Structures are given as C-alpha cells and as structure tokens.
Amino acid sequence: MGKKKKSFYAVFSGHKPGIYEEWFGEDGAKAQIDGFSKAKYKKFETKEEALEWMEALENPDKAAASSEKPKPASEKKPAAEKKKSKKKASSKGPGEIKKPANPDKLPEVVMYTDGACSGNPGPGGYGTVLFYKDKKRELSGGFRRTTNNRMEMTACIEGLKALKKPCAVTLFSDSSYVVNAMEKGWAKRWKAKGWQRTPEQKAVNADLWQQMLELCEKHRVAFNWVKGHAGNEHNELCDRLAVEAASESELPRDEGYEQAEKEKKEKKKKAKEKGKKSGKEKETETQASAAHDLECPECGAPMELREGKYGKFYGCTRFPDCKGAHGAHPDGRPLGTPADSETKQWRMKAHDAFDALWKSGDMERNEAYDWLCEQMELDREDCHIGKFDKRQCESVVEICERLCDS
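Residues numbered from 1 in each chain as written. Predicted model: local features only at pLDDT ≥ 70, side-chain atom pairs only at ≥ 80, totals over all residues. Heavy atoms only, no water.

Novice: Explanation requested: the packing of helix H6 (residues 176–183) against helix H8 (residues 206–218) in the structure shown.
Specialist: Describing two packed helices takes the angle between their axes plus the distance from one axis to the other. Orientation of H6 relative to H8, taken along the N-to-C sense of each, is 55°, at an axis distance of 12 Å. One way to sum up the angle between H6 and H8 is to call them oblique. Considering the relative orientation of H6 and H8, their crossing is right-handed. Here Tyr177, Val178, Ala181 and Met182 of H6 come into contact with H8, specifically with Trp209, Met212, Leu213 and Cys216. Classifying every residue of the contact of H6 with H8 by side-chain character gives eight nonpolar, no polar and no charged. (Axes fitted to C-alpha atoms, helices over the stretch in contact; angles between N-to-C directions. Helix = DSSP H or I, 4+ residues; strand = E, 2+ residues; numbered from the N terminus. Parallel < 35°, antiparallel > 145°, perpendicular 65-115°, else oblique. Left-handed = near helix turned anticlockwise from the far one by under 90°. Contact = heavy atoms within 4.5 Å. Nonpolar A, V, L, I, M, F, W, Y, C, P; charged D, E, K, R; others polar.)

The structure is reproduced here in structure tokens:
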C-alpha cells in the first residue's frame, strides 16, 4: 500500500484561521469550522497553494493583478497535466451563463435570488434583485414559519411576479434544488404525475412549483446556479435582504407550508387513533419501561426513549449536557441490537466516500449532500447514509467515486 498523500487545510473564516495539516482532532481544521457560521475553508495538496489562496482572499485586488501577468516558462504545466486540470475544472465549474431564447425580442432582465431560514423550519425570508437596462429593483419579504427551499423558490416567484409584461429573464440562484428542478424538467414531471414523485411519495412544495411553472410560461426564463457566499456582490445582497426579512417581527403566515403541516399532523393523528394500542404501541411502551435498564455509553446515566428525526432512539437522561445515545434503527431492527457487520461496513464506506468527495471539491458539505440526494432521487429528509441498506450504500460509493475520478 502506497504512502498516504499529505494534505493542507486552509481556514480563512473560522474560530482560528490558519493552515492546518490535520483535518480531525482538537488542533485540526474541522474543529475550527464546526459551529462557525459561514465558515470558509479549502483543501490543498501543498502548503504554498494554501497560502496563495489565503493571500488572494485577503488581497483580492493584488490577486487579480497577479493573475493577469503571464507565468514564466519554468512555472508552466506540461501539456498532459494542463489538459487534465482543464478537464477537472470544466466538470465542476459553473459553466457558461445560460440565457433564454428570445426570438420575439422581449425586454431582457437579469435576476438574482436567495432565501434564508432560521431553524429550517422556522422564520424565513427571501431576497430578489432585478436589473433592467440601467434600472435596479430590490424585493424582500418573510414568513413566521417556513423552510429554506420554500424561500429560495419564493424569491424567484416574487421576482417574476414583479415583471408587468413578458420578459426574457436570466435568473441566478444558489439553490441547486430550484435550478435543477426547473432546468432538468423535474417540476414538470412531478406535475404530470399529479404532484407525485413516486406512487407512494408526494412532491414537496407543489403549491410553489405550480406558480413557478405558470410564470415560466408567461416569461422566457433560464435558470443559472451561482455558488453562494463566494463573493458575488448580487448574491450577497440577496442574502442580506433575505436574512433581514426573516428577522422582522410579526411576520405573516406561509399558508402553503402551514396547511401542509396541518394535513400531516391530522393524518398522523388519524393513523394513531385507528391503531390505538396496536402491537407497535405496546412494543414502544415496553421499550420505554426498559430504557432505564440501559446505561449511557458516554457517562453511564440511565437512558430514556425519545422520538428523533429518523425514528425512536434511546438518549441519555442528562441531555443536553451529555449527548450519548443508542441509535435509532429505521431499517426495522429492535432497539438496542447492532446492525449486521456487513451493512455497518458499507455504511462506513459510504460515509468515507462522501467525505472524500466534498473535501476534494469546491462544494460546501451541505451543497454536496444536496447533490447526493439528487443523484439518489431522494428528498433531503429521506437521504441519510446512517439508515441506508447495503445496496443504497454501494450506490453512494459508486456515485462519489465516479465524480472524484472525473
């Protein structure tokens, strides 16, 4: 086995900015970005590259000037290496700006959008900036309880609604959820299926997708993805507008979201009443009474049965001071029993493959996870490696390794 290649991690925005040779550990790069809002960091093969990146962010004018100077012959890359680098860059770069076809010579508008949400779900806001010739218009608004994806969509919808007559719109969003659903035809497909993703699963946010599709019939719209929090002044402005709107007091209701949540609760309530004291509920009662017989793996305190995002699990009674837990088993195994060794190994492989993917590229972790969800054709709340079976884990490894090699 060959020696593992050394890496350097540059942390520009974090608890303690600097160059780190380790990712994990108290003195590693990960500890500097965990819990830090809008952390900015990147992985490099050499310390010199990491220092250059840090210096370019600190002095953007100097970096721009130096990039225009031709490199000495000694610094030029061999043709084969240059070709390889170009191929890698083109596979991950944003690509050329896509503009809508405009045979009718409609007024040309450029639109930037962004959404924000505190808690997800929680108070949310949207920001939109419109450009037409030498005119600029800013739009923003918020809701008391909504989701980040709904605010990303609302930013686009409100911007298109503001146009009084049909226009050719070049739209920029940092939401791959919105851009891919419109550019790849996912939203149209969901509509054709009666707003169902699968026979068993409804399409989320159907009320907003319906509005978006109707507005895109009125206007000619080309959706472009732009990297968020990467120095694009218009995207940053939209972000500020969205965050400010979400922080306002006495925000209105997001009727579509709250109605959907109400329907979900009613459906769960009916199912519970129908199967009152069913075998599953009796099993839960037994599990709850047995919780105190278990010891926390972290501190030794008694455990209690709790409901988590991915199912029931045993958590420490000293939470949040202690976060020890016996994990939930959404694949149907009884609580307290470990996964079979083969499935456990594949989950570890899937986690490692995903970590290697986002650390080697230009995507933030959340962006990389959104991309993985799209590849697996799962909603974000259903895409969780920790509850995948062996077949799904094999798919994750194959998808991640394929992109890393491209």
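On we go from here.
Novice: Got a minute to help me understand the sheet that holds strand S1 (residues 8–13) in this structure?
Specialist: Sheet strands associate in pairs through backbone hydrogen bonding, adopting either a parallel or an antiparallel arrangement. With antiparallel pairing, three strands are arranged side by side in an open sheet as S2-S1-S3. Because the sheet does not close on itself, it has two edges, and the strands there are strand S2 (18–20) and strand S3 (40–44). On average, adjacent strands in this sheet sit at an angle of 20° to one another, irrespective of strand direction. Relative to S3, S1 runs antiparallel, the two being bridged by five bridges. Residue pairing in the sheet places Val11 in a bridge with Tyr41 of S3. Contacts from helix H2 (residues 47–58) reach S1, S2 and S3, with the element oriented near 10° to S1. (Pairing = 2+ DSSP bridges.)

Novice: Explain the packing of aromatic side chains here, please?
Specialist: For any pair of aromatic rings, the description consists of the separation of the ring centres together with the inter-plane angle of the planes. Evaluated as defined, the whole model comprises seven aromatic pairs. For the pair Trp23 and Tyr41, a centre-to-centre distance of 6.0 Å together with 45° between the ring planes defines the contact as tilted. Taken together, the residues Trp23 in the loop between S2 and helix H1 (29–33) and Tyr41 in strand S3 connect sequence positions 18 residues apart. Geometrically, the ring pair formed by Tyr112 and Phe172 is stacked, given 4.7 Å between the ring centres and 15° between the ring planes. (Phe/Tyr/Trp six-rings, centres within 6.5 Å; stacked < 30°, edge-to-face > 60°.)

Novice: Honestly, the nonpolar core in this entry has me stumped. Any pointers?
Specialist: Across soluble globular proteins, you tend to see nonpolar side chains buried next to one another. With 30 residues, the main nonpolar core has Val169, Trp190, Trp209, Met212 and Phe223 as its most contacted residues. Elements with a contribution of two residues or more to this core: strand S4 (108–117), helix H5 (148–161), strand S7 (168–173), H6, helix H7 (186–192), H8 and strand S8 (220–225). The next biggest cluster of nonpolar side chains, apart from the first, holds 29 residues, and it includes Tyr9, Leu357, Trp371 and Cys373. (Core = buried A, V, L, I, M, F, W, Y, C linked by side-chain atoms within 4.5 Å. Buried < 20%, exposed > 50% of the residue type's maximum accessible area, 1.4 Å probe, protein only.)

Novice: Would you explain the sheet that holds strand S6 (residues 135–146) in this entry?
Specialist: The mixed open sheet is built from five strands, whose spatial order is S6-S5-S4-S7-S8. The sheet is open, and its two borders are formed by S6 and S8, each paired with just one other strand. Strand-to-strand, the axes of this sheet are offset by a mean angle of 20°, without reference to chain direction. In this sheet, strand S5 (residues 122–132) lies alongside S4 in antiparallel orientation, the contact comprising eight bridges. Of the residues in S5, the one forming a bridge with Asp114 is Gly127.

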